[in-house]
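Inside the fold
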Amino acid sequence: MKLLSFVVILLSLSVVGLSQNEKNGLNSIALSGGRISFGTGDFFGYGINLEYSKQLNPGKSFSKHFSLGAEISFENGDKQPKVINPSAQDFFAKTYYNTTNIVITPKITYHPFNKTFAKGLIITAGISAGYTNQNREFQASYYFDPTTQTSVRRSLLEYINEVIGGYRISAGYECQFKRILAGVRLDFHNYTNGDANTLVALKTGYRF
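Residues numbered from 1 in each chain as written. Predicted model: local features only at pLDDT ≥ 70, side-chain atom pairs only at ≥ 80, totals over all residues. Heavy atoms only, no water.

As a further point, take the confidence of the model for the chain. When pLDDT is averaged along the chain, the result is 80, and 75% of the positions lie at 70 or above. Scored below 50 in pLDDT, residues 6-22 makes 24 contacts in the model with residues more than four places away or belonging to other chains. (pLDDT = per-residue confidence, 0-100. Contact = heavy atoms within 4.5 Å.)

This part is about the nonpolar core. Ranked by size, the top nonpolar core spans five residues in total: Ile36, Phe38, Phe43, Leu199 and Ala201. Ignoring anything within four residues of it in the chain, the contact list for leucine 199 reads Gly34, Arg35, Ile36, Gly47, Asn49, Arg185, Leu186, Asp187 and His189. (Core = buried A, V, L, I, M, F, W, Y, C linked by side-chain atoms within 4.5 Å. Buried < 20%, exposed > 50% of the residue type's maximum accessible area, 1.4 Å probe, protein only.)

Before going further, it helps to examine the pattern of salt bridges. Taken as a whole and judged by the stated rule, the model has 11 salt bridges. Put simply, glutamate 174 and arginine 207 hold a salt bridge, and the shortest N to O gap is 3.5 Å. On the criterion of sequence distance, the pair formed by glutamate 174 in strand E6 (residues 150-177) and arginine 207 in strand E8 (residues 196-207) is long-range, its members being 33 residues apart. Look at glutamate 174 and you get buried, because its relative accessible area is 12%. (Salt bridge = Lys/Arg side-chain N within 4 Å of Asp/Glu carboxyl O. Helix = DSSP H or I, 4+ residues; strand = E, 2+ residues; numbered from the N terminus.)

Within the secondary structure, isoleucine 104 is located in strand E4 (residues 97-110). Considered as a pair, isoleucine 104 and alanine 70 are 34 residues apart in the sequence and their alpha carbons are 7.2 Å apart. Sequence-distant contacts of isoleucine 104, defined by excluding residues within four places in its chain, comprise Glu71, Ile72, Ile127, Ser128 and Ala129.

On to the packing of aromatic side chains. Applying the stated criterion across every chain yields a total of six aromatic pairs. Arranged with centres 6.4 Å apart and planes meeting at 50°, the rings of tyrosine 167 and phenylalanine 188 form a pair that is tilted. Here tyrosine 167 is found in strand E6, whereas its partner phenylalanine 188 is found in strand E7 (residues 180-191), with 21 residues between them in sequence. Ring centres of tyrosine 206 and phenylalanine 208 lie 6.3 Å apart, and the angle between their planes is 15°; this geometry places the pair in the stacked category. Tyrosine 206 gets classed as partly exposed once you look at its relative accessible area, which sits at 38%. (Phe/Tyr/Trp six-rings, centres within 6.5 Å; stacked < 30°, edge-to-face > 60°.)

Below you can see the structure in the form of structure tokens.
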């Protein structure tokens, strides 16, 4: 509901922004942050992106629809096992994950429309390269201590530190009021280690 209200506000600001006579800048910097789903909702975390982009020649009918830029992304998420009165399923399920990714993505942004509030729609794609640090449980066992009459869950952990590549596709909407940008974005990230993540985020920035 909050996200829907934010989108309505964006549309309203877009209409107001279109009435401004101030010339749009070709460069922009933006910060976005939101909720990230790792895998198919296996566990959740947060993602933060810092980006820079520059619009191509606005005087050309074709190139004015595109911007070039790059962004650096920080992604973190974890899933922890239930260690107090765990169920039988929790004893044997691999329930501990922790992932941290730092990724740089050169990208190209496409602006399909130039008129009305629809001009805020954007589609972005880029090739990513970065580093991942992962801690995960790859084996768990159950042990009952007859002396203390307690159940013990033993975990064997795996640590992964490696360079990753991949791609990122993003769709979103942004509006401009004077020089200030605001928007929403939906990202899909796919990496060479097999991870596929989805990010829903809010965005703010400045155009100059």
